[in-house]
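Topology and contacts: notes
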Amino acid sequence: MASFVSNLILYSIHIALLSTLCFAADPYANFNLELSYITASPLGVPQQVIAVNGKFPGPTLNVTTNNNVVVNVKNKLDENLLITWPGVQMRRSSWQDGVLGTNCPIPSNWNWTYQFQVKDQIGSFFYFPSLNFQRAAGGFGGFIITNRKVIQLPFSTPDGDIDIMIGDWYTRNHTALRTTLDRGKMLGMPDGVLINGKGPYRYNTTLVPDDISYETFNVEPGKTYRIRVHNVGVSTCLNFRIQNHNLLLAETEGHYTMKQNYSSLDIHVGQSYSFLVTMDQNASSDYYIVASARFVNQSLWQRVTGVAILHYSNSKGKASGPLPDPPNDVYDTSFSLNQARSIRQNGSASGARPNPQGSFHYGSINVTDVYVLKSRPPVTIDGKLRATFNGLSFVNPGTPIRLADHFNVKGDYKLDFPNKPLKGAPRMATSVINATYKGFIEVILQNNDTVVQSFHMDGYSFFVVGMDHGEWTENNRGSYNRWDAIARSTTQVFPGGWTAILISLDNVGAWNLRAENLDRWYLGQETYMRVINPERTNKTELGVPDNVLYCGALRHKQKPQKTSFSAVSVNGQSKLHFSLLWVFAAITVAISILL
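So, a few notes on the structure that sits alongside this text. (Residues numbered from 1 in each chain as written. Predicted model: local features only at pLDDT ≥ 70, side-chain atom pairs only at ≥ 80, totals over all residues. Heavy atoms only, no water.)

1. Some details on the overall build of the protein chain
In terms of helices and strands, the protein chain carries eight helices and 33 strands. Here the protein chain, with 595 residues, has 57% of them falling under the buried criterion. Working note: accessible area of the protein chain is about 25,000 Å², and carbon and sulfur atoms make up 51% of it. (Helix = DSSP H or I, 4+ residues; strand = E, 2+ residues; numbered from the N terminus. Buried < 20%, exposed > 50% of the residue type's maximum accessible area, 1.4 Å probe, protein only. Areas by Shrake-Rupley, 256 points an atom, 1.4 Å probe, with all protein chains shown as cover.)

And the structure:
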């Protein structure tokens, strides 16, 4: 009998360990994020902000290339919620993208678990809530994908890593801001700029009230830090600079750049950059870190400036005196445009894989489709203020696009987005680009609006091959950079100018293409690219997730949410725990038999 029990125990352990090994291909990175309201006073005025795990901004999520990422999101807000991951390429799974065209929203007091793999990716990104103008109230945090140890960095390993969130800020909460837009008015000048959720250091006693909390970054002399900067703001381009320090640009949105020194860099809404900064000053005092508004009347916008402190451990005093000067080109975007053109891809560096980033020769690929997307200043459509692409203002579908496809919901959207601006009066529509799987698409972003715009595409990095003033024509193709253009997911387009991008459509799904400026996005300046493999037997897209939420025409399929073991057993730790439970259960059964 004892021999039988012993064999039973060994057999059960063997089965349990095999179960564990089934989940051991790529490691899991597990996170829990709870979004809730807290009261904060970043600019000296108490207001409601959105915290993540009680913090504003939220925590930085650190993962490694090829990790399976599992993020359980708890919605403690009083309205629907979705979290999106711009720049993080959800390979084969737009189900996890976190925008209304791909996901039903997470209701208040519900939780939903995102599951995706950061396959063959590295770089600096951030996450944020995509609905209801919520990003203007917070809810954002860093998302860093580090390289595997077997892949060398194209620079010496930094002595430390610093994540910095910059962005314009209003003392009105996000519901008040969207109400302003709903009433047909623009938002006006922001009340300030925050750095990591805090107001400016009191560099000026007239502009900055007393008792405002500011951010301090502590560093050691002689060491080099990787400083990752993200513009998480509403609509303002910000010039970033550190007093008396060079910014050696190294990476942007998942791609290593040619290393180049900048005294300052314009960072547009939604963009992320990595700089290598060496602490090589004498530390006679602390140093200013500044993020100030661009292309505005500085005398009017002077208070729209974020100031933090760089503090050496051997610093001899506080920072004082005037801030380092911004570029002197208030009404001329030429300097900023040329600066953007100077950012080139490091073709000899390995990204997530050991092959050079420049081994993909995008410049020699034939273009299969061309889209000219023109944006204009917001207009009134059917009595509402709206923003447009090609004369169409996007209306979110009642049922997310791929969910509607899967369950054969008809009339949810139309695959008729025009490849050039429509003639006639602008209108609202749920119009989607019918993109060609494995096609190579050229998109010209023509900005006939009055402000600098940022445009973003989920699910992809694209090559920024051209950028200039004026109206784009086919002759401009002769100026394209077809060799070492930077690949990224968010690009700026200057007012009265254009930016050309090339995209290799190898990632199936429905992917959001939008203005990253929150006001324009909220007013409808977006569409989707529907990229579908026509070969039904070719499994190039992951199936509908088990925990999918239903809405619109499928709302009847949604069951009340229940907390169960299966809801939390999606991560590696829980699966291991589950296997160990099998071992424990086997031993318990065996002992009971023996007794």
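Moving on from the model shown.
2. Regarding unusual backbone geometry
Peptide bonds are mostly trans, and most non-glycine residues show a negative phi. Between phenylalanine 56 and proline 57 the backbone carries a cis peptide bond, its omega angle lying at -5°. You can see proline 57 is positioned in the loop between β2 (47–52) and β3 (61–64). Despite not being glycine, phenylalanine 133 has its phi angle at roughly 65°, a positive value. Tracing the backbone through its elements, the reader meets phenylalanine 133 in the loop between β7 (123–129) and β8 (141–146). You can call phenylalanine 133 buried: its relative accessible area is 4%. Phi angles above zero are rare outside glycine, and asparagine 390 is one such case at about 55°.

3. Describing the state of the cysteines
Taken as a whole and assessed by the stated rule, the structure comprises one disulfide. Through a disulfide, cysteine 104 is tied to cysteine 551; the S-S separation comes to 2.1 Å. Across the disulfide from cysteine 104 to cysteine 551, rotation about the S-S bond amounts to roughly -80°, and the bridge is consequently left-handed. One end of the pair, cysteine 104, is in the loop between β5 (83–84) and β6 (111–117); the other, cysteine 551, is in the loop between β33 (526–532) and α7 (565–568), and 447 residues separate them in sequence. Each member of the pair, cysteine 104 together with cysteine 551, is buried. (Disulfide = S-S within 2.5 Å.)

4. Points about helix α4 (residues 334–341)
Residues of α4 that are buried: Ser336, Leu337, Gln339 and Ala340. All buried residues of α4 lie within an arc of 160° about the axis, which places them on one face of the element. Elements in contact with the buried residues of α4: β15 (255–262), β16 (265–267), β28 (462–469) and β30 (490–493). (Arc of directions from axis to C-beta. Contact = heavy atoms within 4.5 Å.)

5. Quick notes on the pattern of salt bridges
Across all of its chains, the model carries 22 salt bridges by this definition. In this structure, lysine 374 engages glutamate 471 in a salt bridge whose closest nitrogen and oxygen atoms are separated by 2.7 Å. Taken together, the residues lysine 374 in strand β20 (residues 369–375) and glutamate 471 in the loop between β28 and β29 (487–488) connect sequence positions 97 residues apart. Overall, lysine 374 belongs to the buried group, its relative accessible area being 13%. Glutamate 471 sits in the partly exposed class, given a relative accessible area of 44%. Of the charged contacts in the structure, one is a salt bridge between aspartate 519 and arginine 520, with a shortest N-O distance of 3.1 Å. The buried category is assigned to arginine 520, whose relative accessible area is 5%. The network of salt bridges with common partners includes Arg135, Asp458, Arg514 and Glu516. (Salt bridge = Lys/Arg side-chain N within 4 Å of Asp/Glu carboxyl O.)

6. Side note on the side chain of arginine 520
Tracing the backbone through its elements, the reader meets arginine 520 in helix α6 (residues 518–522). Separated by 3.1 Å, the side chains of arginine 520 and aspartate 519 make a polar contact. Once residues lying within four places of it in the same chain are set aside, the contact partners of arginine 520 are Met186, Pro378, Ala387, Asp449, Val451, Gln453, Ala515 and Gln525. (Polar contact = N/O pair within 3.5 Å; in protein donor to acceptor, adjacent residues only side chain to side chain.)

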